[in-house]
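Each chain, letter by letter, is given below.
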Amino acid sequence: MSDFCDGLGADGWHIVEIPDPDEGPGGREDDILFEGRVFPVTSSMTPEESGAARTAAVDAAMALPGKVLQDDENGRMLLHGTWKVMHRTCRHCGEAFVQHRPVSQRRRWSWFCSEEHQAEGKRTADRERLRLKRAA
């Protein structure tokens with residue numbers, strides 16, 4: 001333990017003890033809060049293992065009965081455990097596709113089944129926007 005002064009006491013100083021980081025693990029919160037030092041979060045999983053774990057989690061969630069969150073012309077969204085699943089039709093090729101994501105994520109769902117189709121859709125939208133701008 002090391003000494004830390006937190007104000008005046010009877011003898012002029014009040015000494016308190018704070019944990020020494022070299023004495024052993026004090027928990028992740030203690031590490032993060034200690035002297036403002038940042039400690040890296042590491043993982044022993046390879047990218048392949050991480051992908052396999054994600055696939056296994058999605059498969060396990062899909063085995064649970066799904067609750068319908070949205071069912072309209074924009075697509076069908078289901079809740080399976082801790083995973084949201086969006087069923088949509090690609091705006092470029094017209095094929096049906098499925099997207100999975102954890103419930104905690106709150107970003108937009110793609111309208112395209114692949115990055116190539118998304119890039120083509122963006123080019124088409126840009127051309128149409130510029131055509132309308134030139135016509136005005």
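Conventions adopted
Residues numbered from 1 in each chain as written. Predicted model: local features only at pLDDT ≥ 70, side-chain atom pairs only at ≥ 80, totals over all residues. Heavy atoms only, no water. Helix = DSSP H or I, 4+ residues; strand = E, 2+ residues; numbered from the N terminus. Buried < 20%, exposed > 50% of the residue type's maximum accessible area, 1.4 Å probe, protein only. Areas by Shrake-Rupley, 256 points an atom, 1.4 Å probe, with all protein chains shown as cover. Phe/Tyr/Trp six-rings, centres within 6.5 Å; stacked < 30°, edge-to-face > 60°. Lys NZ or Arg CZ within 6 Å of the ring centre and 35° of its normal. Pairing = 2+ DSSP bridges. Salt bridge = Lys/Arg side-chain N within 4 Å of Asp/Glu carboxyl O. pLDDT = per-residue confidence, 0-100. Contact = heavy atoms within 4.5 Å.

**With respect to the overall build of the chain**
Here's step 1: For the chain, the count of helices and strands is three helices and six strands.
Here's step 2: For the chain, the α and β elements follow one another from N to C terminus as β-β-α-α-β-β-β-β-α.
Here's step 3: Counting only residues that meet the buried cut, the chain has 15% of its 136 residues in that class.
Here's step 4: Accessible surface, the chain: about 10,700 Å² in total, of which carbon and sulfur atoms supply 54%.

**Description of the packing of aromatic side chains**
Here's step 1: Counted by the stated rule, this structure contains zero aromatic pairs.
Here's step 2: Just above the ring of W111 sits the side chain of R88; from NZ or CZ to the centre is 3.7 Å.
Here's step 3: Over the ring of W109 we find R101; its NZ or CZ atom is 3.9 Å from the centre of that ring.

**Concerning the pairing of strand 3 (residues 67-72)**
Here's step 1: The pairing of strand 3 with strand 4 (residues 75-80) spans five bridges and is antiparallel. Its bridge partner lying in strand 4, K67 is registered against L79.
Here's step 2: In textbook terms, the turn of a hairpin is the stretch between consecutive antiparallel strands, and for strand 3 and strand 4 this stretch comprises two residues.

**Quick notes on the pattern of salt bridges**
Here's step 1: Going through the model one piece at a time under the given rule, you end up with six salt bridges.
Here's step 2: Its salt-bridge partner being E128, residue R131 comes within 2.6 Å of it at the nearest N-O pair. One end of the pair, R131, and the other, E128, are both in helix 3 (residues 115-135), three residues apart, so they sit about a helical turn from each other.
Here's step 3: Given a relative accessible area of 43%, R131 falls into the partly exposed group.

**Notes on the confidence of the model for the chain**
Here's step 1: When pLDDT is averaged along the chain, the result is 77, and 68% of the positions lie at 70 or above.
Here's step 2: Per-element mean pLDDT across the chain ranges from 45 in strand 1 (residues 2-5) up to 95 in helix 3.
Here's step 3: With pLDDT under 50 throughout, residues 1-6 is counted as low confidence; its partners more than four residues away or in other chains account for 19 contacts.
Here's step 4: Across residues 27-34 the pLDDT falls below 50, and counting only partners more than four positions away or on other chains, this stretch makes nine contacts in the model.

**Remarks on the pairing of strand 4**
Here's step 1: Here strand 4 runs beside strand 5 (residues 83-89); their pairing, made up of five bridges, is antiparallel. The partner of L79 across the bridge, within strand 5, is K84.
Here's step 2: The turn joining strand 4 and strand 5, which pair antiparallel and follow one another in sequence, is formed by two residues; a positive phi near 65° is taken by G81.

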